[in-house]
Amino acid sequence: EWWAEILETYPEMKARQWDVDAPRRRIAALCREKGIPVLELAPLMREQRQAEPLHFHRDGHWTAAGHRVAADAMANFLVKEGLLAKDTEGQRQ
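These figures come from a predicted structure and were not determined experimentally.

**Here we look at the layout of surface pockets**
Reported here for the largest pocket is a volume of approximately 1000 Å³. Every residue lining the largest pocket is counted, 31 residues in all, and those nearest its centre are Trp2, Arg46, Arg49, His55 and Gly60. Mapped onto the lining of the largest pocket, the elements with two or more residues apiece are α1 (2-9), α2 (22-33) and α3 (41-48). The residue inventory of the lining of the largest pocket, partitioned by class, reads 16 nonpolar, five polar and 10 charged.

**Describing the pattern of salt bridges**
Under the counting rule described, the total for this entry stands at seven salt bridges. Ionic pairing is found between arginine 25 and aspartate 19, a salt bridge with its closest N-O pair at 2.3 Å. When the shortest N-O distance is used, the salt bridge between aspartate 21 and arginine 24 registers 3.6 Å. Take aspartate 21: its relative accessible area is 16%, and that puts it in the buried class.

**Here's the deal with the nonpolar core**
Leu41, Met45, Leu54, Ala65, Val69, Ala70 and Ala73 form the largest nonpolar core, which has seven residues in total. At the level of elements, α3 and α4 (64-80) are the ones that each hand at least two residues to this core. The dominant element in this core, judged by the number of residues it contributes, is α4, at four residues.

What counts, and at which threshold
Residue positions within a chain follow its written sequence, with the count starting from 1. For a predicted model such as this one, the threshold for reporting local features is a pLDDT of at least 70, and the threshold for listing and counting side-chain atom pairs is 80 or more; totals across whole chains, interfaces and linings nevertheless cover every residue. Side-chain figures throughout are based on the complete set of non-hydrogen atoms in the structure, without hydrogens or water. The distinction between a cavity and a pocket rests on a 1 Å grid over the protein atoms alone: a 1.4 Å probe fits inside a cavity but cannot get out, while a pocket stays open yet meets protein on both sides within 12 Å along at least five of seven lines, and a residue with an atom within 4 Å of a point counts as lining. Grid points are joined across faces, edges and corners, and a volume is the space filled by probe spheres set on the points. Only DSSP runs of H or I reaching four residues or more are called helices, and only runs of E reaching two or more are called strands; each is numbered from the N terminus. Only Asp, Glu, Lys and Arg are considered charged, only Ala, Val, Leu, Ile, Met, Phe, Trp, Tyr, Cys and Pro nonpolar, and every remaining residue, Gly among them, polar. Criterion for a salt bridge: a side-chain nitrogen of Lys or Arg within 4 Å of a carboxyl oxygen of Asp or Glu. Throughout, exposure labels follow a simple rule: accessible area from a 1.4 Å probe, protein chains only, divided by the maximum for the residue type, with under 20% read as buried, over 50% as exposed, and the rest as partly exposed. Definition of nonpolar core: a set of buried residues of the types Ala, Val, Leu, Ile, Met, Phe, Trp, Tyr and Cys, connected through side-chain atoms within 4.5 Å.

Okay, structure coming up:
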């Protein structure tokens with residue numbers, strides 16, 4: 001929705017084909033190639049955005065809900081990768 005708004009605001013941008021996910025995909029591919037664990041938040045944020053706004057409309061920064069989604073995803077990723085311990089009560093340490 002925001003991308004469509006940007007294109008409406010700057011119509012000259014419509015003359016080019018844009019792939020806003022290309023940088024994310026390139027970085028993730030490079031990390032995987034080098035064996036670096038990578039967590040891609042964009043797909044998760046897109047999936048979760050229906051529940052409540054995760055970004056502020058005008059500047060794209062995360063809302064409190066966006067920070068919660070990202071923090072939970074990052075903590076779970078770090079536990080899964082063995083980079084963060086999980087205590088016996090199910091809370092992250």
